[in-house]
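Next come the chains, spelled out residue by residue.
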Amino acid sequence: MPQAQNASNSTALEHALDKNEAIQEAVGQSAAELCVVNAVLTQEVPAHLQTGEVALAIERTEELENRIQNSADELAQVNLALKEEIILRADLERQLASAQAALEQTPGHFKAKDRPGQGAAAR
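Computed from a predicted structure; not experimentally measured.

Engineer: Tell me what's going on with the pattern of salt bridges, and back it up with residues and numbers.
Structural biologist: For the structure on display, the rule yields four salt bridges. The partner of lysine 83 in a salt bridge is glutamate 21, and the shortest N-O contact between them spans 3.3 Å. On the criterion of sequence distance, the pair formed by lysine 83 in helix α2 (residues 52-105) and glutamate 21 in helix α1 (residues 3-44) is long-range, its members being 62 residues apart. Relative accessible area serves as the criterion here: at 38%, lysine 83 is assigned to the partly exposed category.

Spelled out as C-alpha cells, the structure:
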C-alpha cells in the first residue's frame, strides 16, 4: 500500500477518534445533567407526591441516566480500541517503510516498477 494511502488511513482513524471523543464527552455531560435533574426531582418532590406520572418520570430519568452513562462507557472502550489501532498501524507503517528502505538498499533489488507485470505497462 502506498505511503500516502497509509497516512490517509491513519488520518481517517484519528478523525474518527476525535469525533468519538467529542461524542463521548457530550454523552457523559448529558448523563451528569440527567443525574442532577433526577436528584432534584427525587429530593424536591415530596414522597407522597411521587406517585403516578411523577413516580414514572422519576423512574424514567433514572433509567435514561443509566443508559446514557452506559453509552458513554461503551464509547470510552471504542475510543481506547481506536487509539490502540492507531498506534499499531503507525508502528506497522514504520516497520514497512524501514523494510522497504532496507530492500531498496539490497544489491540487485528491482523496484516494483522495474519488475515484469508490475510497471506502468501492466496497468
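Let us keep going from here.
Engineer: Lay out the side chain of threonine 61 with the relevant residues and their values.
Structural biologist: Its place among the elements puts threonine 61 in helix α2. With a relative accessible area of 12%, threonine 61 lands in the buried category.

Engineer: Give a detailed account of the side chain of asparagine 79, specifying residues and quantitative values.
Structural biologist: Looking at where asparagine 79 falls in the secondary structure, it is placed in helix α2. Reaching out from asparagine 79, the side chain makes a polar contact with the side chain of asparagine 20 at a distance of 3.3 Å. What asparagine 79 contacts, discounting residues up to four positions off in sequence, is Leu17, Asn20, Glu21 and Gln24.

The rules behind the values
Residues numbered from 1 in each chain as written. Predicted model: local features only at pLDDT ≥ 70, side-chain atom pairs only at ≥ 80, totals over all residues. Heavy atoms only, no water. Salt bridge = Lys/Arg side-chain N within 4 Å of Asp/Glu carboxyl O. Helix = DSSP H or I, 4+ residues; strand = E, 2+ residues; numbered from the N terminus. Buried < 20%, exposed > 50% of the residue type's maximum accessible area, 1.4 Å probe, protein only. Polar contact = N/O pair within 3.5 Å; in protein donor to acceptor, adjacent residues only side chain to side chain. Contact = heavy atoms within 4.5 Å.

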